[in-house]
Amino acid sequence: MGAVIGIDLGTTNSEVAVIRDGRPEIIPVDGEPIMPSCVGLDSRGELLVGRVAKNQMAAAPESTILSIKRKMGQTERVAMGDRFFSPEEIASLILASLKTAAEAHLGETVTEAVITVPAYFDDAQRKATQNAGQLAGLDVRRIINEPTAAALAYDADQTSDRTVLVYDLGGGTFDASLVVVQDGVVEVKSSHGDTHLGGDDFDHLLMEHVDRIFFEQHAVHPLADLKAKNRLWAAVEKAKRELSDVPYTRIREEYLIGDLHLDVEIERSAYEDMIRPLLRKTMDSVHRCFKDALMLPGALDKVILVGGASRTPLVAELVKKEINIEPRHEIHPDLIVAMGAAIQAAVIQGQKTKSILVDITPYTFGTGAVGVYNGQLHEDVFVPMIHRGTALPARKGKRFSTMHDGQEAVDVRIYQGEAPLAEDNIFIGNFLVEGLSDVPAGNEIVLTLALDLNGVLEVTAAEKRTGLSKTVTMKTGDGTAAFDLEQAREHLGDWIETESESAGPAPSVDAADEKEQVMAAAKALRKRSTALLNDIDATDASELRALLADSQKAIAEGRYQKLAELNESLSDMLFYLED
Ligand code: AMP
């Protein structure tokens, strides 16, 4: 098997890494460790990706696209020059560049990758990321959460158990996650964040500030002019980075509009006052993480800062003040995530590493059914099935009954959210199960939701008495299902290599991957079983204890085939006990 690369596909910047001789190695792109996540067309219509595209941002904003990650999972196409592209297509051009850099660096063809996404990315966003990878000629072996990757990068070599807060503030997204590393298993206990909060927002606040000053001086708003706005953005972004190291900085731009020059001094403390409310929001997410994980900040061993914007000194200051732990700075905050992705990629390749990954779903998934709401019968009450915070992979079944005599079909509707009425949650998808038996009302339908390690949802509805069933991989409501790989390939033409099709469909799961999945499933099942022990009758409890003991033994002896069988038995028991 060739190298599997780890990719941090960031809003502002992207990085690619690989494990060589047991160590994570950042692969340079155009000689730099960080590649701007920027795509553009030059004046001749030639494709530009990375630094060169970013360089033309101010001069040719209409032909340059930045922050495409914010649009992942949406159907709206973006304009680049006089052509329109899907977010997947633009992201695939970034991924293809990283792939090419990796191939040049490693001297071999690369067809497989692990890609990271914010913990808060929903199903549509994760699928769009996977589609982009495939379009770039990469078989995306795993999508993992960025904070999880960060914890892996910091902890891959350590043996003691610990609890880590990962505070990840990038260009466009924020995530806080509590990660527990126990017996070599990395588990995200809770995760909160905001897919629309990051360093870009700090830039916008600074831009508005400078725009106001410029207007007072010249009665013109630079923000009203696209070219001036983009020059201003580049200038304030540079100033913002400088303010991480110095108390004052100057922003000078000659001929910003016509013959008007910009010359403004910014003080760090004034800048900090601007961004404080946003950082306050990030700390609220941190506190929600503790609450969700039923943990106090005192239980923490370590705080890891991730993402370029976490270099803002006020971040470490606030974290220290509220959590009382000095954040760690040993690894470059921009590179941690790609390194963690590379570590996970190495696990997939079967290389020895000490950590196994367990992820959780940050969302609750369920269905709508007739039920009681506010003391009254309501026809569409939300029935949660896989709860937020459940370790992945997760599988959960529930029995439902038909309402009418001779009912021939049921409409299975799946939602994501926490609201008590189904319609107030995000509609994920629906399907009809037809041809049910002609029997009185009360015909039992078993609905099963399965979320895999990539957060992809598979829904099965089965008529219990006949076994008639239908399984659907849920497309999200916003149309990512409409993604057509061939059409996108045609649209991008020469910009991507078509022989990459050899990446083909997902290969069979290799041994290391399978082992990892069996372990992760065992851990999740054991946890759910242990939580039930006190609430079930003595016979069930004794049966469950016996299974738990056998499963513990199989783990200790490294007998994964046996463990997989025991997982099945535990899962079957839980199916009935958890109802
Ligand atoms: P990332 O998405 O992790 O690449 O982070 C990019 C964001 O970090 C952008 O908003 C950058 O402007 C910001 N950034 C990079 N370096 C610094 C720095 N030294 N101080 C403050 N923000 C920074």
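Before any of the text, the structure's been laid out above.
Below or above, wherever it landed, is the structure these notes cover. (Residues numbered from 1 in each chain as written. Predicted model: local features only at pLDDT ≥ 70, side-chain atom pairs only at ≥ 80, totals over all residues. Heavy atoms only, no water.)

1. Structural notes on the overall build of the chain
Alright, step 1. When its secondary structure is counted, the chain shows 13 helices and 27 strands.
Alright, step 2. For the chain, whose C-alpha radius of gyration is 25 Å, the value lies close to the compact-globule estimate of 25 Å for 579 residues.
Alright, step 3. Each of the three principal axes of the chain carries a C-alpha extent, and together these read 85 × 55 × 55 Å.
Alright, step 4. Buried positions account for 56% of the 579 residues belonging to the chain.
Alright, step 5. Roughly 25100 Å² of accessible area belongs to the chain as shown, and the carbon and sulfur atoms make up 49% of that amount.
Alright, step 6. Of the charged side chains in the chain, 59 are positive and 92 negative; the average position of the first set lies 4 Å away from that of the second. (Helix = DSSP H or I, 4+ residues; strand = E, 2+ residues; numbered from the N terminus. Rg over C-alpha atoms; globule rule 2.2 N^0.38 Å. Buried < 20%, exposed > 50% of the residue type's maximum accessible area, 1.4 Å probe, protein only. Areas by Shrake-Rupley, 256 points an atom, 1.4 Å probe, with all protein chains shown as cover. Lys, Arg positive; Asp, Glu negative; His and termini not counted. Charge placed at Lys NZ, Arg CZ, Asp CG, Glu CD.)

2. Brief notes about the layout of surface pockets
Alright, step 1. What the second largest pocket holds in volume is close to 1100 Å³.
Alright, step 2. Together, 45 residues line the second largest pocket, and T12, N13, K54, E237 and R241 are the ones closest to its centre.
Alright, step 3. Mapped onto the lining of the second largest pocket, the elements with two or more residues apiece are β2 (13-20), α1 (51-55), α5 (199-218) and α6 (226-243).
Alright, step 4. Examining the composition of the lining of the second largest pocket, we find that 7 residues originate from one element, α6, more than from any other.
Alright, step 5. Each residue belonging to the lining of the second largest pocket can be placed in one class, and the counts come to 13 nonpolar, 15 polar and 17 charged. (1 Å grid on protein atoms, 1.4 Å probe; cavity = no way out; pocket = protein on both sides within 12 Å on 5 of 7 lines; lining within 4 Å. Points joined across faces, edges and corners; volume = space filled by probe spheres on them. Nonpolar A, V, L, I, M, F, W, Y, C, P; charged D, E, K, R; others polar.)

3. Here we look at empty space enclosed by the protein
Alright, step 1. Enumeration over the complete set of coordinates arrives at 3 cavities of 30 Å³ or more.
Alright, step 2. Of the volumes computed, that of the second largest cavity is approximately 40 Å³.
Alright, step 3. Around the second largest cavity sit L9, G10, T11, S37, S67, I68, K69, M72, A91 and I94, which together line it.
Alright, step 4. Its residues placed into classes, the lining of the second largest cavity shows 5 nonpolar, 4 polar and 1 charged.

4. Some details on the packing of aromatic side chains
Alright, step 1. Tallied over the entire structure, the rule returns 3 aromatic pairs.
Alright, step 2. Seen from the ring of F121, K69 lies directly overhead, with NZ or CZ sitting 6.0 Å from the centre. (Phe/Tyr/Trp six-rings, centres within 6.5 Å; stacked < 30°, edge-to-face > 60°. Lys NZ or Arg CZ within 6 Å of the ring centre and 35° of its normal.)

5. Side note on the sheet that holds strand β5 (residues 38-41)
Alright, step 1. The strand order across the open sheet built from 3 strands is β6-β5-β7, with neighbouring strands paired in antiparallel fashion. Two strands close off the open sheet at either side, each with one partner strand: β6 (47-49) and β7 (64-66). Neighbour-to-neighbour, the strand axes of the sheet open up by a mean angle of 15°, direction not taken into account.
Alright, step 2. With 3 bridges joining them, β5 and β6 adopt antiparallel strand pairing. Across the sheet, the residue bridging to V39 is V49, located in β6. (Pairing = 2+ DSSP bridges. Axes fitted to C-alpha atoms, helices over the stretch in contact; angles between N-to-C directions.)

6. Re the side chain of S190
Alright, step 1. Position of S190 relative to the elements: it lies in strand β14 (residues 185-194).
Alright, step 2. From its side chain, S190 meets the backbone oxygen of C289 in a polar contact 2.8 Å long. (Polar contact = N/O pair within 3.5 Å; in protein donor to acceptor, adjacent residues only side chain to side chain.)

7. Things to note about a negative patch on the surface
Alright, step 1. Together, D405, E408, E434 and D438 make up a region of like negative charge exposed at the surface.
Alright, step 2. Tracing the backbone shows D405 in the loop between β22 (394-401) and β23 (409-416). (Patch = residues over 30% accessible without salt bridge, like charges linked within 9 Å, V, L, I, M, F, W, Y side chains within 5 Å. Salt bridge = Lys/Arg side-chain N within 4 Å of Asp/Glu carboxyl O.)

8. Some thoughts on the packing of helix α7 (residues 268-292) against helix α8 (residues 313-323)
Alright, step 1. The N-to-C vectors of α7 and α8 enclose an angle of 45°; their axes lie 9 Å apart at closest approach. The pairing of α7 with α8 is recorded here as oblique in orientation. Judged by the twist between their axes, the crossing of α7 over α8 is right-handed. Residues R268, E272, I275, R276, L279, R280, M283, V286, H287 and F290 of α7 touch α8, and the partners they reach there are P313, L314, V315, L318, V319, E322 and I323.
Alright, step 2. Taken together, the residues that form the contact of α7 with α8 break down as 11 nonpolar, 1 polar and 5 charged. (Parallel < 35°, antiparallel > 145°, perpendicular 65-115°, else oblique. Left-handed = near helix turned anticlockwise from the far one by under 90°. Contact = heavy atoms within 4.5 Å.)

9. Digging into the site of the ligand
Alright, step 1. Among the 15 residues in the neighbourhood of the ligand, the closest are listed as G171, E237, K240, S244 and G308.
Alright, step 2. Within the contact set of the ligand, an oxygen atom lies 2.9 Å away from a backbone nitrogen or oxygen of G171.
Alright, step 3. In this structure, A309 approaches the ligand through a main-chain N or O atom, which is 2.9 Å from an oxygen atom.
Alright, step 4. Surface burial for the ligand is 89%, taken as the share of its 500 Å² of free accessible area covered by protein chains.
Alright, step 5. Judged by the proximity of its atoms to the pocket grid, the ligand belongs to the second largest pocket.
Alright, step 6. Those elements that place two or more of their residues in the shell around the ligand are α5 and α6.
Alright, step 7. Tallied by class, the residues present in the shell around the ligand amount to 1 nonpolar, 9 polar and 5 charged. (Near = heavy atom within 4 Å. Sits in = over half its atoms within 2 Å of the grid points.)

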